[in-house]
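Below, each chain spelled out in residue letters.
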Amino acid sequence: MNWIVLMAIIYTFCVLSTTFGGMLSVLCADEQKASTMITSCMLVFTFLSGGFVIVDFGPLRYFSLNAYAQTAITNLAYDGDRFLIGRNIGFMWAFSIVFILISVRKIRRKRA
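Small disclaimer: the values here were computed from a predicted structure and weren't measured.

Caption draft 1: Spotlight on the packing of helix α1 (residues 3–27) against helix α4 (residues 82–111). Where α1 meets α4, the closest approach of the two axes is 9 Å, and the angle between their N-to-C directions is 25°. By the angle between their axes, α1 is roughly parallel relative to α4. For the pair α1 and α4, the sense of crossing is left-handed. Each residue belonging to the contact of α1 with α4 can be placed in one class, and the counts come to 19 nonpolar, five polar and two charged.

Caption draft 2: Fine view of the environment of R87. Within the secondary structure, R87 is located in helix α4. The partly exposed category is assigned to R87, whose relative accessible area is 35%. When the C-alpha positions of R87 and A72 are compared, they lie 8.5 Å apart, and in sequence the two are 15 residues distant.

Caption draft 3: Representation of the packing of aromatic side chains within the structure. Under the counting rule described, the total for this entry stands at seven aromatic pairs. Each ring, one from Y68 and one from F91, has its centre 5.7 Å from the other, and the planes form 75°; the classification is edge-to-face. One end of the pair, Y68, is in helix α3 (residues 65–77); the other, F91, is in helix α4, with 23 residues separating them in the sequence. A relative accessible area of 8% means that Y68 is categorised as buried. For F91, a relative accessible area of 35% corresponds to the partly exposed category. For the ring pair Y68 and F95, a centre distance of 5.5 Å and an interplane angle of 55° mean the geometry is tilted. Taken as a pair, Y68 in helix α3 and F95 in helix α4 lie far apart in primary sequence, 27 residues in all.

The rules behind the values
Residues numbered from 1 in each chain as written. Predicted model: local features only at pLDDT ≥ 70, side-chain atom pairs only at ≥ 80, totals over all residues. Heavy atoms only, no water. Axes fitted to C-alpha atoms, helices over the stretch in contact; angles between N-to-C directions. Helix = DSSP H or I, 4+ residues; strand = E, 2+ residues; numbered from the N terminus. Parallel < 35°, antiparallel > 145°, perpendicular 65-115°, else oblique. Left-handed = near helix turned anticlockwise from the far one by under 90°. Nonpolar A, V, L, I, M, F, W, Y, C, P; charged D, E, K, R; others polar. Buried < 20%, exposed > 50% of the residue type's maximum accessible area, 1.4 Å probe, protein only. Phe/Tyr/Trp six-rings, centres within 6.5 Å; stacked < 30°, edge-to-face > 60°.

Geometric descriptors of this kind do not, in isolation, establish any biological role.
The structure is reproduced here in structure tokens:
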């Protein structure tokens, strides 16, 4: 197993999770609502990606942000498709950038 790639996947997922939580916090006016939404999303995403019980939801599992990191780690651990690992890392960075852009836009609209 390539430990550097594993650490890159974990770091990328941490950035993705942080930017997603930050975006939800900016979009919700109330801190309690944001906390509730983040917790709900975490549970739904973990369930959809098969984190609690392995269930095949087909393409629906990719609505969960966890699925990208989980697929990348599984492919890395079992010497799977290297392209898929890179693609999933790229998707996670792309989602992070989109979440940052949404947050910045919302913050700028609040100030204007």
